[in-house]
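The chain contents come next:
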Amino acid sequence: MEFAILAPVIRKRLSLQLALVLLGVSLLPLVGVGLLTLHLMEQSITEQVTRDHRRQGAFAAALLQDYFNDATTKLKNISYLMQDTKSSDEEIERLSEALGPRIVFLEISLRGDDLNVQRQVQREDYGQEQSRVQSLNSLDNNRSYNENLKQWVYSHSNDNPMFTSPLRGSNFVANSLETVGPFPTLAISIPTSKSTFLTANLDFRPVSDMLDTVAGPDRCEILLLDGKGRLLASSRNITFSTALLTTRIPAGHSDWQIAIGQPRGLALAPLHAMRREIFLWFGFASILAVGLAFLFSGQIVRPIRRLARTAEALGHGDLSARTHITREDEIGQLARTFDRMADALQELDHLKNDFVSHVSHELRTPLTSAKMTLANVQ
């Protein structure tokens, strides 16, 4: 609607047409260059953030694998140490020593080839929590109470890979966590050399500390997800914001994935700063372009208007009207030619007046004589 109103005005004003053309010629390339620069910069920043995320994810995956490998190695060392044990008390002592501070086992069990528990040790807080949740019936029926050990133990099952894998001579690391109150645990098992095998529940809480260490001060959000997208562990600064630049890489275990996210505003902060600078300079360039466009169009249109006024004055009989334009460009040449034409026209008008005056003077005497003769005849 506004353009429809302005269109007739623009068509009637050469200065506006020239100004708009100059603005388009000067500003459209600036807009294109600015948008292209911002797009390329956003693409470059996004690629850089993705590369950084992949490095962090690879580091987190390596830490996770080291944690699992260290746990498995520690269990193997325990099995070697238990080869020299001669009593059940000594075996329990060896198992209790494995509940160390670095690789935290919440529970370790020694089972025979009949899958029954022979020895089991638990951390006290984990054992208490295990009894509490079992009394509330908040876990699946995968445990039963052992009267001899006075502890809750995994029920033996011939189809549970936690039991069948070590009997076949291979290590086992579970693909899912079991949460007992505040304790997320991961089941692992290894074979031993006495037709027995060790099972353990690995404390999974240190994994969150690892992810937090990898996240560092960059405010990255690191998640460890299973194959179904369920959260297994995360860094402490997690916000679950939807406005994230997220990269996922395999965690190196089962179908787990490590997702590294960073708030889009933080990741693209350099782009936002560049956008502000570009908008500032574009505004300055727009003001300058508008001023120069109207100044230049005025330099072209003003002498044309003066020519039009002079021509109109000549048309009304003022043969002394002149443009008095002294420019050296084409418009100045046109104005000087127009003034010479006006001079010639004025001179021609003077000649016409002189001719009429002379003719009138020369005809006055014969006319007078003729009048007198006609009077005498009458």
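To keep things clear, this report deals only with the structure shown in the data block. None of these values were measured; they are calculated from a predicted model.

Secondary structure assignment for the protein chain yields nine helices and 12 strands. Surface summary for the protein chain: the accessible area is close to 22600 Å², and the carbon and sulfur share equals 58%.

The biggest cluster of nonpolar side chains holds 44 residues, and the ones touching the most others in it are L75, I108, L198, F204, L224, W256 and I258. In this structure, L224 is in contact with L64, F204, V207, L211, R230, L231, L232, A233, A251, W256, Q257 and I258, ignoring residues within four places of it in sequence.

Each aromatic ring pair is summarised here by two numbers: the centre-to-centre distance and the angle between the ring planes. Taken as a whole, this structure holds six aromatic pairs when the rule is applied. Taking 5.7 Å as the distance between ring centres and 85° as the angle between the ring planes, the aromatic pair formed by Y126 and F183 counts as edge-to-face. Note that Y126 is positioned in helix α4 (residues 124-135) and F183 in strand β7 (residues 183-191), a separation of 57 residues in sequence. On the basis of relative accessible area, Y126 is assigned to the buried category, the value being 0%. When the centroid spacing of 5.4 Å and the interplanar angle of 65° are considered together, the rings of Y145 and W152 count as edge-to-face. Through pairs of rings, three or more aromatic residues link up here, namely F68, F204 and W256. Directly above the aromatic system of Y154 lies the positively charged group of R143, at a separation of 4.1 Å from the ring centroid.

Before going further, it helps to spend a moment on a positive patch on the surface. A cluster of basic residues, R302, R305, R306 and R309, forms a positive patch at the surface. Topologically, R305 is positioned in helix α8 (residues 269-315).

Where nonpolar side chains cluster on the molecular surface, the patch consists of L280, W281, F284, L288, L292 and L295 and spans about 670 Å² of accessible area. Mapped onto the fold, L280 is located in helix α8.

Gaps between atoms show up when a probe of the same size as a water molecule is rolled over them. Its volume calculated, the second largest pocket comes out at about 180 Å³. Taken together, L30, V31, V33, G34, L35, I278, F279, W281, F282 and A285 make up the full set of residues lining the second largest pocket. Among the elements of the structure, α2 (14-81) and α8 are those that each provide at least two residues to the lining of the second largest pocket. Residue classes in the lining of the second largest pocket are distributed as nine nonpolar, one polar and no charged.

Looking now at the pattern of salt bridges. Evaluation of the coordinates by the stated rule reveals seven salt bridges. Two residues, R55 and D52, come together in a salt bridge whose shortest N-O distance is 2.1 Å. In this pair, R55 and D52 both sit in helix α2, three residues apart, roughly one turn of the helix. Residue D52 is classed as partly exposed on the basis of its relative accessible area, which comes to 27%. Salt-bridge contacts for R205 lead to D203; the nearest nitrogen and oxygen are separated by 2.8 Å. For R205, a relative accessible area of 32% corresponds to the partly exposed category.

Attention shifts here to the side chain of T72. Inspection of the secondary structure puts T72 in helix α2. You can call T72 buried: its relative accessible area is 11%. In contact with T72, other than residues within four places in its own chain, are N171 and I190.

For the rest of this paragraph, the subject is the sheet that holds strand β10 (residues 231-234). Judged by pairing direction, the sheet is antiparallel, and its four strands sit side by side in the order β10-β9-β12-β11 without closing on themselves. A strand with exactly one partner marks an edge of an open sheet, and here the two such strands are β10 and β11 (244-250). In this sheet, adjacent strand axes meet at a mean angle of 25° when their direction is disregarded. Relative to strand β12 (residues 257-263), β11 runs antiparallel, the two sharing seven bridges. Looking across to β12, one finds that L245 is bridged to Q262.

Moving on to the environment of V25. Counting through the fold element by element, V25 comes out in helix α2. Separated by 264 residues in the primary sequence, V25 and A289 place their C-alpha atoms 9.9 Å from one another.

About the cut-offs
- Residues numbered from 1 in each chain as written.
- Predicted model: local features only at pLDDT ≥ 70, side-chain atom pairs only at ≥ 80, totals over all residues.
- Heavy atoms only, no water.
- Helix = DSSP H or I, 4+ residues; strand = E, 2+ residues; numbered from the N terminus.
- Areas by Shrake-Rupley, 256 points an atom, 1.4 Å probe, with all protein chains shown as cover.
- Core = buried A, V, L, I, M, F, W, Y, C linked by side-chain atoms within 4.5 Å.
- Buried < 20%, exposed > 50% of the residue type's maximum accessible area, 1.4 Å probe, protein only.
- Contact = heavy atoms within 4.5 Å.
- Phe/Tyr/Trp six-rings, centres within 6.5 Å; stacked < 30°, edge-to-face > 60°.
- Lys NZ or Arg CZ within 6 Å of the ring centre and 35° of its normal.
- Patch = residues over 30% accessible without salt bridge, like charges linked within 9 Å, V, L, I, M, F, W, Y side chains within 5 Å.
- Salt bridge = Lys/Arg side-chain N within 4 Å of Asp/Glu carboxyl O.
- Lys, Arg positive; Asp, Glu negative; His and termini not counted.
- Charge placed at Lys NZ, Arg CZ, Asp CG, Glu CD.
- 1 Å grid on protein atoms, 1.4 Å probe; cavity = no way out; pocket = protein on both sides within 12 Å on 5 of 7 lines; lining within 4 Å.
- Points joined across faces, edges and corners; volume = space filled by probe spheres on them.
- Nonpolar A, V, L, I, M, F, W, Y, C, P; charged D, E, K, R; others polar.
- Pairing = 2+ DSSP bridges.
- Axes fitted to C-alpha atoms, helices over the stretch in contact; angles between N-to-C directions.

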